[in-house]
Amino acid sequence: MKSIFEKIIDHELSAEIIYEDGLSIVIKDINPISPKHFLVIPKKKYKNIESISSNDIHIFSHLFSIIQKVVAQEDLDENGYRVVINNGEYGGQTIDHLHIHIIGGRILRWPPG
Ligand code: 5GP
């Protein structure tokens, strides 16, 4: 069964896309926890960090280069922002398709709950 993110990637479900290339897509989170909240999603489905084989591990450098682009595009680079992967049940992951949150636009507290 397709994940919500696969449906968005396949344009079967709408989302506000702010960046897209052959390997990844960046969308606005439907339920933002800060003024700017984006999800960086690899087009290939990996359930979580453990699902990425050593052959595919380069996807992280790609995703982080996209983060650099998006934070510049969205003016988050000057004041800072947070990058989060909720991984697995205890990590708070709700969609089993690996994704990286970019959270910014306000001061964020630490530690998270
Ligand atoms: P997780 O909890 O798995 O790390 O994050 C999943 C995120 O996906 C949540 O922040 C949630 O608000 C977001 N989300 C869930 N469904 C949709 C959707 O249909 N569209 C968009 N744009 N975001 C979604």
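Anything mentioned here points back to the structure above.
Note that the structure is a prediction, hence the values are computed from the model and not measured.

*Asks:* Just checking my understanding: could you explain the overall build of the protein for this structure?
*Replies:* Secondary structure assignment for the protein yields 3 helices and 5 strands. Tracing the protein from N to C terminus, the helices and strands come up as α-β-β-β-α-β-α-β. For 113 residues, the compact-globule formula gives about 13 Å, and the C-alpha radius of gyration of the protein, at 14 Å, lands near that figure. Here the C-alpha coordinates of the protein stretch approximately 35 × 30 × 25 Å along the principal axes. Looking at the 113 residues of the protein, the share that counts as buried comes to 40%. For the protein, contacts bridging at least 24 residues in sequence account for 54% of all contacts bridging at least 6. Of the accessible surface of the protein, which amounts to about 7100 Å², a share of 52% is contributed by carbon and sulfur atoms.

*Asks:* Just to check I follow, could you spell out the sheet that holds strand β4 (residues 81-84) for this structure?
*Replies:* Note: strands within a sheet are paired through backbone hydrogen bonds, in either parallel or antiparallel orientation. Taken in spatial order, the 5 strands make up an open sheet running β1-β2-β3-β5-β4, and their pairing is antiparallel. The sheet is open, and its two borders are formed by β1 (17-20) and β4, each paired with just one other strand. The sheet shows a mean angle of 15° between the axes of neighbouring strands, direction not considered. Pairing geometry for β4 and strand β5 (residues 100-104), over 4 bridges, is antiparallel. Residue pairing for β5: R82 is matched across the bridge by I103.

*Asks:* Hey, could you run me through the site of the ligand in this one?
*Replies:* Neighbouring the ligand are 16 residues; K28, D29, T94, H99 and H101 lie closest to it. Contact distances for the ligand include 2.9 Å between a nitrogen atom and a backbone N or O atom of K28. At a separation of 2.7 Å, an oxygen atom of the ligand approaches a polar backbone atom of T94. Out of a free accessible area of 530 Å², the ligand has 84% covered by protein chains. Breaking the shell around the ligand down by element, the ones donating at least two residues are α1 (4-9) and β2 (24-28).

Rules and cut-offs
- Residues numbered from 1 in each chain as written.
- Predicted model: local features only at pLDDT ≥ 70, side-chain atom pairs only at ≥ 80, totals over all residues.
- Heavy atoms only, no water.
- Helix = DSSP H or I, 4+ residues; strand = E, 2+ residues; numbered from the N terminus.
- Rg over C-alpha atoms; globule rule 2.2 N^0.38 Å.
- Buried < 20%, exposed > 50% of the residue type's maximum accessible area, 1.4 Å probe, protein only.
- Contact = heavy atoms within 4.5 Å.
- Areas by Shrake-Rupley, 256 points an atom, 1.4 Å probe, with all protein chains shown as cover.
- Pairing = 2+ DSSP bridges.
- Axes fitted to C-alpha atoms, helices over the stretch in contact; angles between N-to-C directions.
- Near = heavy atom within 4 Å.
- Polar contact = N/O pair within 3.5 Å; in protein donor to acceptor, adjacent residues only side chain to side chain.

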